[in-house]
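One letter stands for each residue in the lines below.
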Amino acid sequence: MELAHIPLEQLKVSTLNMRHGRKSPDITDILPSIRARGVQQPLLVRKNGKGYEIVAGRRRFFSLKQIAKESGKIAPIPCAIMAAGDAAAQRKCRPSPRQSPLSSGLRLAFRRRIP
């Protein structure tokens, strides 16, 4: 995996993203943080033609688009670029048919808190 800063115009949401095709996400909770501190965790992307597809980081992407819309410009985005054939990264972003999108660790934490 390679780290790079990619211009916002070269990014789009991938069909591998488990929330692809849904309406625009609610970004009200992360938008103030990204405005104040920027993106703290790189978006996971893969090369697609002349641009890049976002595999993980859809809400961060929509937050950055909103900031760019308000300010007129934005610095290139920190991204982790998947290597060709990086199936592990793809599996991380797409749940299996028997697994809910909620991570197993988070489910376990909820079970422990609920009697």
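Please refer to the structure higher up on the page.
Here is a short report on the structure shown in this document.

Reading the values: the criteria
Residues numbered from 1 in each chain as written. Predicted model: local features only at pLDDT ≥ 70, side-chain atom pairs only at ≥ 80, totals over all residues. Heavy atoms only, no water. Helix = DSSP H or I, 4+ residues; strand = E, 2+ residues; numbered from the N terminus. Buried < 20%, exposed > 50% of the residue type's maximum accessible area, 1.4 Å probe, protein only. Contact = heavy atoms within 4.5 Å. Areas by Shrake-Rupley, 256 points an atom, 1.4 Å probe, with all protein chains shown as cover. Expected span 1.5 Å × (residues − 1). Pairing = 2+ DSSP bridges. Axes fitted to C-alpha atoms, helices over the stretch in contact; angles between N-to-C directions.

Right, let's get into the overall build of the protein chain. Each helix and strand in the protein chain was counted, giving four helices and five strands. Each helix and strand of the protein chain, ordered N terminal to C terminal, gives the series β-β-α-β-β-α-β-α-α. By the burial criterion, 34% of the 115 residues in the protein chain qualify as buried. The long-range fraction of contacts in the protein chain, counting pairs at least 24 apart against all pairs at least 6 apart in sequence, stands at 79%. Roughly 8000 Å² of accessible area belongs to the protein chain as shown, and the carbon and sulfur atoms make up 53% of that amount.

Turning our eyes to something else, we now look at the environment of S33. By the secondary structure assignment, S33 is in helix α1 (residues 31-37). Each C-alpha atom of the pair S33 and S63 lies 9.8 Å from the other, and the pair is 30 residues apart in sequence.

Here the focus is the environment of F61. Within the secondary structure, F61 is located in helix α2 (residues 58-71). Sequence separation between F61 and L8 is 53 residues; the distance between their C-alpha atoms is 8.3 Å.

The terminal C-alpha atoms of α2, which comprises 14 residues, lie 20 Å apart, in line with the 20 Å expected from a rise of 1.5 Å per residue. Within the span of α2, buried status applies to R58, R60, F61, F62, S63, L64, I67 and A68. Buried residues along α2 sit in contact with β2 (11-13), α1, β3 (43-48), β4 (51-56) and β5 (77-81). Among the residues trailing α2, G72 stands out with phi positive, at a value near 90°.

The subject of this paragraph is the sheet that holds β4. Ordered in space as β1-β5-β3-β4-β2, the five strands form an open sheet in which the pairing is mixed. The two strands at the open ends of the sheet, each matched to only one other strand, are β1 (2-6) and β2. Pairwise comparison of adjacent strand axes, ignoring direction, gives a mean angle of 45° for this sheet. Across five bridges, β3 lies against β4 in antiparallel orientation. Paired with R46 across the bridge in β4 is E53.

Of the pairings in the sheet, the one linking β3 to β5 comprises three bridges and is parallel in character. Across the sheet, residue L44 finds its bridge partner in β5, namely A80.

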